[in-house]
Amino acid sequence: MAPLFRKLSFRRGKKLEKTRSVRKEKGRNGSSKQDRSSFLETGKIIEAGVFLVFSGLVVVISFLGQKPIGPQLILNQNAPERIVAEFNFGYISEIEEAERAREVRAQVPPIFQRSFEPYERFRELVGGINSAIAKAQIEHENEGEEALRSEIERTTQALIAETEFEMQADVLNNFIAQVSPRQRSNLLGDAMSVLKEIYEDGVYTDQNVDGESAAVTVIRLVDEDGETNLPRARSMDDALVALRVRINALSSDSGTARSLFELFRAGLQPNLLYSASGTRRAIDQAVAAIEPNYIQFEAGDTLIEPGELITEIDLERIAAYQEAEQARGSEVSAANRLFLERIIYTSILLLAVFIYLKQGLQEVKKRTRAVAIIAVSILLNLIIIRIITEIGELTLLDRGSSVKMLTFIAPYALAPIIVAGLVGAGPAVLCSLIISVLFGIIQDNSLAAILIAFFAGVTGSFMSTNVRKRSKLVQAGLVSGMSAVIAGAAIAMMGNYSLAFIGQQSVIAMVVGGLTGIAAIGLIPVFEQIFKITTDITLLEMTDFNHPLLRRMQIEAPGTYHHSLMVANLSENAAASIGANPLLCRACCFFHDIGKLVKPEYFAENQHDNINPHNEKNPSMSALVIKAHVKEGVELARKFKLPRVIIDVIRQHHGTSLIQYFYYQAKEQERRAEDKRVPFPSKNNKSTKEVTVDESTYRYDGPKPEFKESAIIFFADGVEAASRSLRKVTQPAIEELIDSIFTTRIQDGQLDDCPLTFQELNEIKKSFVYTLLNMLHSRVEYPKEKQVKSENIRPAKEVRPASSSDEPDSTGNQQAI
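Calculation criteria
- Residues numbered from 1 in each chain as written.
- Predicted model: local features only at pLDDT ≥ 70, side-chain atom pairs only at ≥ 80, totals over all residues.
- Heavy atoms only, no water.
- Helix = DSSP H or I, 4+ residues; strand = E, 2+ residues; numbered from the N terminus.
- Buried < 20%, exposed > 50% of the residue type's maximum accessible area, 1.4 Å probe, protein only.
- Contact = heavy atoms within 4.5 Å.
- Areas by Shrake-Rupley, 256 points an atom, 1.4 Å probe, with all protein chains shown as cover.
- Axes fitted to C-alpha atoms, helices over the stretch in contact; angles between N-to-C directions.
- Parallel < 35°, antiparallel > 145°, perpendicular 65-115°, else oblique.
- Phe/Tyr/Trp six-rings, centres within 6.5 Å; stacked < 30°, edge-to-face > 60°.
- Lys NZ or Arg CZ within 6 Å of the ring centre and 35° of its normal.
- Salt bridge = Lys/Arg side-chain N within 4 Å of Asp/Glu carboxyl O.
- Expected span 1.5 Å × (residues − 1).
- Arc of directions from axis to C-beta.
- Left-handed = near helix turned anticlockwise from the far one by under 90°.
- Nonpolar A, V, L, I, M, F, W, Y, C, P; charged D, E, K, R; others polar.
- Disulfide = S-S within 2.5 Å.
- Core = buried A, V, L, I, M, F, W, Y, C linked by side-chain atoms within 4.5 Å.
- Polar contact = N/O pair within 3.5 Å; in protein donor to acceptor, adjacent residues only side chain to side chain.
- Bend = angle between axes of the 7 residues up to and from the residue.
- pLDDT = per-residue confidence, 0-100.

## Some thoughts on the overall build of the chain
Next, step 1: Of regular secondary structure, the chain possesses 33 helices and 12 strands.
Next, step 2: When each of the 817 residues of the chain is scored for burial, the buried share is 46%.
Next, step 3: Residue pairs at least 24 apart in sequence account for 79% of intrachain contacts in the chain once pairs closer than 6 positions are excluded.
Next, step 4: With an accessible surface of roughly 42700 Å², the chain has 54% of that area assigned to carbon and sulfur atoms.

The following block contains the structure:
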């Protein structure tokens, strides 16, 4: 397309070439910055450098330091295949050791410590009672039997109340009354000896802390000296029986024996106290004495039978086999065989991608930027996948399930969704292919992981194309999660996995898909800022009429505002007709003339009451003011942080076209001045010298339109302004107007840098004609009511144009035509 335009432009002759060379020389320094930017976006050296750095980072992020995952076995699921040892290895089973330690702990009896404190306290109580009785006899024996008994009861009750023993005072008083003092002393002494013997044997409780019965079968006794023996320890019930039997032997009188037993049963308490520290030491000693069980396997031995129900022992055995396999080779480093193997796989993949990038993305505008976006997205996605993989293997409780679940926990659709929103569906599918293959290599060359990740990435990519609402990104994430569910369920069913496991992985995949969409919402604006790219979501936000610049334009430059709306309608329809971005055209049109806000009165659409400031200025100054609205628009756009694509359109929407009105006005003034210099002017004696005006003064600084949407706006801006001069709106008139503008600008070389084709230009013309006919359609002139009644006629059918203007537009397009 560009060479054909150049041929057309060459026909204008040497004069036009001369003025163009002057203009190019003038703008050479000003365009150096643009040339550097173009080099950064399309330079082959930069492109190759980015690709090499990307390849190195992919290898480091994905594989450096990674251990082989091994067979993906799942606890309580059937083994999918037979696993055979390829070399001799052995290991100590921690699970079996833990089970044996558990058995030893159950066999070690609890350790109790014997205490004589209850006996000592009861002995003090009995001694106190004897002393109290003796003292009462000394002090109150002369007062009579009744007074002595009363004093003894009072004293003994006071002693019993001060202790914790549940001794009954009336039983003690009856016992004192039944026996003589000498007999009482002998019986109490003998009973204390019996009680001491029982305490020496040991008494333990037969109830636990909840009050339920608990039996102690074996007791290891540790006394105060630290010596151990096997005592004839009794439960509390057995100790009471032994106490009664021995007390019965002390007295032939059953009544006396019963009273003595009731007194001493209060002094019988458990004296075997549980020793936690002693028991712990005994258990530790017993566990330490366990000899490790070394399990040995020979090469060719079956480690896992196919269809076998996987247990924790099986998972431990496979983990030990993997560790032994790793130990046989070098340590995890750049020289590791696994690492080198994965480098080869990755190199083949990336080499194929590089070839595709060189050939398949040639039509993608600003290809290096697109490649950079893809590269950064992939690297970010790989970092997240690697982190999740490492954390998942370390923290998930069930290692067998965690390894299999990593296929669904990893957000492999994140990069494709981001790339689809920023670059397009084609590059996003390429991104999905790279992510899925690398993910499959990470998962020990798992074909299932590659298919699941690729299917989810592709569906997420196409759901994220041409997104105009951020909520659509969440939907894209959920759809990618659903795709992973479908693919994973199909593969799991072929592997005879349980429905519970399939349901678990489905829930995880859907949750991760939703989180992926949410993450994409947050990351896409960051990518927009970093790479200076604009998505349809941002463009849709820019079409809000409440934007500060648009509000200012409505108030300060209403004519320009209306002009921008009309240009937006023309451009949007034309873009849709050739497959360009209509939303981009609409958003850019709203802001393409914001520079006119600086001096709105200098532009025809904003002038009122026939006041034209250009009448007081010479043509060169007027042209300078008109040209300045491009530069001032760029400054306003940067001040308000408008997207880069809008700034590009502001700079390109006039290209390097000629401001014809003031250019011809300057030539006319120069011609008149030349006529005045003729010595003897007459009607037939005028200067024949050619009038020359510096054309570069009356041309916009450019650059020319560089992409389709910019070229569409470039034409729509001129067509809309020129259409206001039409006195009668008809299809032939509009077609002639549009053809004239297109031909003039093509011959002027304004499309030399744009990829538009003749076929697309023809479609743009048709769209302009259709839209202008609808925008400028005529209305039937209705006569006044009095005229209709007086003349009794129908409304006239004369057609008049909706609006017309003899005022030239700011660029002078009317006069050019």
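## Looking at the packing of helix α26 (residues 619–639) against helix α27 (residues 644–652)
Next, step 1: Closest axis-to-axis distance for the α26/α27 pair is 9 Å, and the angle between their directions is 170°. Viewed along their axes, α26 and α27 adopt a mutual orientation that is roughly antiparallel. Contacts between α26 and α27 pair Val 630, Gly 633, Val 634, Ala 637 and Arg 638 from the former with Ile 647, Ile 650 and Arg 651 from the latter.

## Examining the packing of aromatic side chains
Next, step 1: Across all of its chains, the model carries 16 aromatic pairs by this definition.
Next, step 2: Seen from their ring centres, Phe 545 and Tyr 561 are 6.4 Å apart, and the 75° between their planes marks the pair as edge-to-face. Of this pair, Phe 545 sits in the loop between α22 (536–542) and α23 (548–556) while Tyr 561 sits in helix α24 (residues 558–578), and the two are 16 residues apart along the sequence.
Next, step 3: Owing to a relative accessible area of 36%, Phe 545 belongs among the partly exposed residues under this scheme.
Next, step 4: One aromatic cluster is present, built from ring pairs that chain together Phe 87, Phe 89, Tyr 91 and Phe 297.
Next, step 5: Positioned over the ring face of Phe 261 is Arg 244, at 5.0 Å from the centre of the ring.

## Brief notes about the pattern of salt bridges
Next, step 1: Summed over all chains, the structure comprises 23 salt bridges.
Next, step 2: Here Arg 317 and Asp 314 are joined by a salt bridge, their closest N and O atoms 2.9 Å apart. Here the residue Arg 317 and the residue Asp 314 both occupy positions in helix α13 (residues 312–328), the gap between them amounting to three residues, near one helical turn.
Next, step 3: By relative accessible area, which is 13% here, Arg 317 ends up buried.
Next, step 4: Classification of Asp 314 by relative accessible area gives buried; the value is 3%.

## Observations regarding helix α12 (residues 276–288)
Next, step 1: With 13 residues, α12 extends 18 Å from end C-alpha to end C-alpha; this agrees with the ideal 18 Å at 1.5 Å per step.
Next, step 2: Of the positions making up α12, those classed as buried are Gly 278, Thr 279, Ala 282 and Ile 283. Along the axis of α12, the buried residues cluster in a sector spanning 135°; they form a single face. Seen from the open side of α12, the exposed residues pointing more than 90 degrees away from its buried face are Arg 281, Gln 285 and Ala 288.

## What to know about the packing of helix α6 (residues 117–140) against helix α7 (residues 145–161)
Next, step 1: It is the contact of α6 with α7, at a shortest axis distance of 9 Å, that shows an interaxial angle of 150°. Accordingly, the angle class assigned to the pair α6 and α7 is roughly antiparallel. Helix-helix and strand crossings are classified by hand; for α6 and α7 the assignment is right-handed. Each of Leu 125, Gly 128, Ile 129, Ala 132, Ile 133, Ala 136, Gln 137 and His 140 in α6 lies in contact with α7, whose residues at this interface are Leu 148, Glu 151, Ile 152, Thr 155, Thr 156 and Leu 159.
Next, step 2: Split into classes, the residues belonging to the contact of α6 with α7 amount to eight nonpolar, five polar and one charged.

## Remarks on the state of the cysteines
Next, step 1: According to the stated counting rule, one finds zero disulfides in the structure shown.
Next, step 2: You can see Cys 588 has no disulfide; the closest cysteine sulfur is in Cys 585, sitting 7.1 Å from it.

## Regarding the nonpolar core
Next, step 1: The biggest cluster of nonpolar side chains holds 61 residues, and the ones touching the most others in it are Phe 591, Ile 594 and Phe 768.
Next, step 2: In terms of residue count, α24 provides more of this core than any other element does, nine residues in total.
Next, step 3: With sequence-adjacent residues up to four places away left out, Phe 591 is seen in contact with Met 542, His 547, Leu 549, Leu 550, Leu 642, Ile 646 and Ile 650.

## Digging into unusual backbone geometry
Next, step 1: In this chain, Gly 702 is followed by Pro 703 through a cis amide linkage whose omega measures 10°.
Next, step 2: Looking at the element boundaries, Pro 703 is found in the loop between α28 (660–676) and α29 (708–723).
Next, step 3: In the Ramachandran plot, Asn 466 falls in the positive-phi region, its phi being about 55° despite a non-glycine side chain.
Next, step 4: For Asn 466, the position within the fold is in the loop between α19 (447–463) and α20 (471–494).
Next, step 5: Positioned with a positive phi, Lys 641 is a non-glycine residue whose angle comes to about 55°.
Next, step 6: Within the secondary structure layout, Lys 641 lies in the loop between α26 and α27.
Next, step 7: Take Lys 641: its relative accessible area is 72%, and that puts it in the exposed class.

## Section: the environment of Glu 94
Next, step 1: The residue Glu 94 is located in helix α5 (residues 94–107) in this model.
Next, step 2: Glu 94 sits in the exposed class, given a relative accessible area of 61%.
Next, step 3: For Glu 94 and Ile 313, which are 219 residues apart along the polypeptide, the C-alpha to C-alpha distance reads 9.1 Å.

## Structural notes on the side chain of Asn 606
Next, step 1: Within the secondary structure layout, Asn 606 lies in the loop between α25 (582–591) and α26.
Next, step 2: Side-chain polar atoms of Asn 606 contact the backbone oxygen of Pro 600, separated by 3.2 Å.
Next, step 3: If near-sequence neighbours (up to four positions away) are discounted, Asn 606 is found in contact with Ala 557, Pro 558, Gly 559, Thr 560 and Pro 600.

## Details of helix α21 (residues 499–531)
Next, step 1: Under the 1.5 Å per step criterion, the end-to-end length of α21 is 46 Å for 33 residues, consistent within 8% with the ideal 48 Å.
Next, step 2: Roughly 30° is the biggest bend found in α21, and it falls at Gly 522, with proline Pro 525 one to four residues downstream.
Next, step 3: The first or second residue beyond α21 is Lys 532, which carries a positive phi of 55°.

## Regarding the confidence of the model for the chain
Next, step 1: In this model, the chain carries an average pLDDT of 78, and 79% of its residues clear a pLDDT of 70 or more.
Next, step 2: Note that pLDDT drops below 50 for residues 208–218; the model gives that stretch 11 contacts with residues more than four away or on any other chain.
Next, step 3: Every residue in residues 397–402 scores below 50 in pLDDT, and together they form 11 contacts with partners more than four places removed in sequence or on other chains.

## A few points about the side chain of Ser 483
Next, step 1: Structurally, Ser 483 is set in helix α20.
Next, step 2: Ser 483 has contacts with Phe 455, Ala 456 and Thr 459, leaving out every residue within four places of it along the chain.

## Examining the environment of Ala 575
Next, step 1: Note that Ala 575 resides in helix α24.
Next, step 2: On the accessibility criterion, Ala 575 (0% relative accessible area) is buried.
Next, step 3: Expressed as a C-alpha distance, the spacing of Ala 575 and Glu 760, which sit 185 residues apart in the sequence, is 9.6 Å.
Next, step 4: In contact with Ala 575, not counting residues within four places along its chain, are Ala 580, Asn 581, Pro 582, Cys 585 and Ile 712.

## Description of the environment of Leu 430
Next, step 1: Its place among the elements puts Leu 430 in helix α18 (residues 425–442).
Next, step 2: Judged by relative accessible area, which is 9%, Leu 430 ranks as buried.
Next, step 3: C-alpha separation for the pair Leu 430 and Ile 374, spaced 56 residues apart in sequence, amounts to 8.9 Å.
Next, step 4: Excluding its chain neighbours within four sequence positions, the residues that come into contact with Leu 430 are Val 353, Tyr 356 and Leu 357.

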